[in-house]
Every structure is written in C-alpha cells, then in structure tokens.
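Structural overview
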Amino acid sequence: MSQLKNVEARILQCLQNKFLARYVSLPNQNKIWTVTVSPEQKDRTPLVMVHGFGGGVGLWILNMDSLSARRTLHTFDLLGFGRSSRPTFPRDPEGAEDEFVTSIETWRETMGIPTMILLGHSLGGFLATSYSIKYPERVKHLILVDPWGFPLRPTDPSEIRTPPTWVKAVASILGRSNPLAVLRVAGPWGPGLVQRFRPDFKRKFADFFEDDTISEYIYHCNAQNPSGETAFKAMMESFGWARRPMLERIHLIRKEVPITMIYGANTWIDTSTGKKVKMQRPDSYVRDLEIEGASHHVYADQPHIFNAVVEEICDSVD
C-alpha cells in the first residue's frame, strides 16, 4: 500500500487546482480513499466520478483540473479497489452490487453531499446506474461513460463484438481465478506486465508522464487482496457480461433523472445500448454520443473533448 501511496502522490502533484486527499471513514469501519478538487467552489452541484474495474482516483488526472474549474469535483476509490478498504463481499451478484451501492450512499452521507452530478466509467457506470435506481433524489444528472454490464448476453455468437486481445487473455485466466491474479503472481515484474498488455496506457498519459508512472499505479492498485475484484467476478458471467444486465432495470430510474451516455467510437463495449436505453425511457431525457478517436478509456483517449462534453452537461445542471 505504501508503494501505491507514493506513486499516487506523484500523479496528484500534477494538479493545478487546490485539492484535499484523505480517508473518509464509514460507520461500518470501512474507509473510502477520497480526493476532492476545488473544495472552495460551493455554489454549484458537485461532480462525483466513479472509476472502472481495476482503476482508482489517479486515472482521472487528465480530467480533474478542467472539470473542477467551476465546481467541486469528488473522486474516490471504490470499496475493494485502490487505497480503499478491502472487505469480504457477498458471493452472490445482487449482494455484491448492493454492497458497492450502499458504500457509495454511506460515503455521500458522510461527506454531506445533498445532490450530485454522478459520472461512472465502465464498472463505475454500472454501479452509478444501480445507485440512481435506489437513490434517484440524490442524482441531478447521470453520466455513463462506456458503461459495462448493460446488454443481455446474445444467444447468437455472431452478434458478440470481438473484445481486444488483453480482455480475452484476462477472460481465459478467469475460469480459474480472479481477473488480475496474474498481476499479483508476477510480483516485481507486475508493472512490466501491465506495460506489455496495455502499452496504450503509457501513450494516453504521455503529456504528464514520460516514465512508467501509470503502469506502476495500475499495478499497485491491483497487487493487493482482491476484494472488489472478487465482487466483480460474482457480478459477471464472462468478462463482457453482467449476470444482472442493467438494460433490464434502467427503466426503474425515476423518469426525472436525465442520462447522458458517452462512448468511445472505437470501444469494444456495445454502443447500441444508448439507443436501447432511449427506447426504455421514452418520457425521459436520454442522450447518447460517441467520441471519435477514443476507445474504452474515453476520458484518457480524448481528454480535451471528453472534458468539454462533461463540462457542457454540468453547466446544463447549474
């Protein structure tokens, strides 16, 4: 954990705006590692960003300053990931999902945030949607960035998009263990393994880091007790599919909650989901858009365009 702390400190040093990084203790003794940028901006609804599987607060470094120019931004490591507590999650998909969602709500209560613009990427998008079903009065706008776990698994194999090689590699290991077990076994070679499987990460963050800072960060986020990872495994059928697909439930979000879905034009996630959400919510605001030149990690592939789109959404709230 101390290595993760050191690498993350190098990342957060790049922030220009004032920020506060600390543990937020929940009543059940769990701690959520939280970074708040521009805490002095109290006039507008805060933006809360929820990272995806295997991620953490550091991966938003290309977005934090821009998105906190006129409002407070909160980002945190999901329970079971990054520097947050790593409890034992329930083994069933509904129980695991509920544990994540309850931790987000307890964190919000502890932070004293009455309402928020809620943004989630990938697994974070799935959990932000689940949260919005349960606590719609807290969400002024739901922003889903390449969200995981929406479509139902097709019965016809020809309808399945081919995931990238690294997803297939992870999925092949999955049958036997947790998704990132290979990283933990790799020990000191782990950062090199991240670099080998995901050389694109180094390129995405090259404006800020010429070295392996981001590969090291991802490695140290995931080289610990696989708590959130085990919960994710309980929630999925195979890497691309959720056991409880969100398309079957998105109509349960109160119709007043506006939703924007942002996809990378080159993503392996099924982008037709946006159209399907519109059909499920005919009386609600649902907008879907694709960002050219971006894959699954839209926020890092095209940060300037992504930041402009999210700022525009935030400005529409207040």
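Where an unreviewed UniProt entry is consulted, the protein appears under the name (Lyso)-N-acylphosphatidylethanolamine lipase, with the organism given as Octodon degus.

Read from one edge of the open sheet, eight strands run E1-E2-E4-E3-E5-E6-E9-E10, paired in mixed fashion. With one partner strand each, in any of the chains shown, strand E1 (19-25) and strand E10 (286-291) form the two edges of the open sheet. Averaged over all pairs of adjacent strands, the angle between their axes in this sheet comes to 20°, without regard to strand direction. Across four bridges, the pairing between strand E2 (residues 31-37) and strand E4 (residues 73-76) is antiparallel. Residue pairing across strands places Val37 opposite Leu73, the latter belonging to E4. Packed on one face of the sheet, helix H4 (residues 123-134) meets strand E3 (47-50), strand E5 (116-121) and strand E6 (139-145) and runs near 140° to E5.

Turning to the packing of aromatic side chains, a few remarks are in order. Under the criterion given, the structure shown has 12 aromatic pairs. Between Tyr299 and Phe306, the ring centres sit 6.5 Å apart and the planes meet at 65°, which makes this aromatic pair edge-to-face. By the burial criterion, Tyr299 is buried, and Phe306 matches it. These aromatic residues form a ring-pair network of at least three members: Phe53, Phe81, Phe89, Phe100, Phe126, Trp148 and Phe232. Cation over ring: Arg83 sits above Trp33, and NZ or CZ is 3.7 Å from the ring centre.

As a rule of thumb, soluble globular proteins bury nonpolar side chains together. Ranked by size, the top nonpolar core spans 49 residues in total, and within it Trp107, Leu118 and Leu142 carry the most contacts. Counting residues per element, the ones that place at least two in this core are E3, helix H3 (93-111), E5, H4, E6, helix H10 (227-235) and strand E9 (259-264). Discounting residues that sit within four places of it in the chain, Leu142 has contacts with Leu118, Ala128, Thr129, Ser132, Ile253, Val257, Pro258, Ile259 and Thr260. Residues Val57, Leu62, Ala294 and Val298 belong to the second largest nonpolar core, which totals 40 residues.

Our next topic: the packing of helix H1 (residues 2-12) against helix H9 (residues 213-222). Running from amino to carboxyl end, H1 crosses H9 at an angle of 145°, the nearest separation of the two axes being 9 Å. Seen from above, H1 lies across H9 with left-handed handedness. Of the residues in H9, those touching H1 at Gln3, Leu4, Val7, Glu8, Arg10 and Ile11 are Thr213, Ile214, Glu216, Tyr217, His220 and Cys221. Per-class residue counts for the contact of H1 with H9 are six nonpolar, three polar and three charged.

With that out of the way, let us pick up H9. Most of H9 is tucked away, with nine of its 10 residues classed as buried. Of all the residues in H9, the buried ones are Thr213, Ile214, Ser215, Tyr217, Ile218, Tyr219, His220, Cys221 and Asn222.

On to the side chain of Thr106. Within the element layout of this structure, Thr106 appears in helix H3. Here Thr106 falls in the buried class, since its relative accessible area comes to 17%. When residues no more than four places from it in sequence are discounted, the contact partners of Thr106 are Leu26 and Pro27.

The final tally for this structure, using the stated rule, is 16 salt bridges. Of the charged contacts in the structure, one is a salt bridge between Asp315 and Arg70, with a shortest N-O distance of 2.6 Å. A residue pair is termed long-range when its members are at least 10 positions apart, and Asp315 in helix H13 (residues 303-317) and Arg70 in the loop between helix H2 (64-67) and E4 qualify at 245 residues. We classify Arg70 as partly exposed; its relative accessible area is 38%. One salt bridge in this structure joins Glu105 and Arg108, with 2.8 Å as the shortest N-O distance. Taken together, the positions of Glu105 and Arg108, both in helix H3 and three residues apart, correspond to about one turn of that helix. Taken as a pair, Glu105 and Arg108 share a single burial class, namely buried.

Each value, and the rule that gives it
- Residue numbers restart at each chain and count upward from 1, following the sequence in its written direction.
- A pLDDT threshold of at least 70 governs which residues receive local features in this predicted model, and a stricter bar of 80 or more applies before side-chain atom pairs are shown or counted, although totals over entire chains, interfaces and linings include all residues.
- Remark: hydrogens and water are excluded; side-chain values derive from all non-hydrogen atoms of the structure.
- At least two bridges found by DSSP between two strands are what make those strands a pair.
- Here a helix means four or more residues in a row that DSSP labels H or I, a strand means two or more in a row labelled E, and each is numbered from the N terminus.
- Think of each axis as a best-fit line through the C-alpha atoms, taken over the contacting stretch in the case of a helix, with angles from 0 to 180 degrees between the N-to-C directions.
- We call two residues contacting when some pair of their heavy atoms lies within 4.5 Å.
- For Phe, Tyr and Trp, where Trp contributes only its six-membered ring, two rings pair if their centres lie within 6.5 Å, and the inter-plane angle classes them as stacked under 30 degrees, edge-to-face over 60, or tilted in between.
- Summary of the burial criterion: residues with accessible area below 20% of their type's maximum are buried, those above 50% are exposed, and those between are partly exposed, where the area comes from a 1.4 Å probe applied to protein chains only.
- When the NZ atom of lysine or the CZ atom of arginine is within 6 Å of a ring's centre and also within 35 degrees of its normal, the charge is said to sit over that ring.
- The definition of a nonpolar core used throughout is a set of buried Ala, Val, Leu, Ile, Met, Phe, Trp, Tyr and Cys residues joined through side-chain atoms within 4.5 Å.
- Left-handed describes a crossing whose near helix is turned anticlockwise from the far helix by less than a right angle; the clockwise case is right-handed.
- Note that Gly is not counted as nonpolar here; it falls among the polar residues with everything else outside the nonpolar set of Ala, Val, Leu, Ile, Met, Phe, Trp, Tyr, Cys and Pro and the charged set of Asp, Glu, Lys and Arg.
- A pair is scored as a salt bridge if a Lys or Arg side-chain nitrogen falls within 4 Å of a carboxyl oxygen belonging to Asp or Glu.

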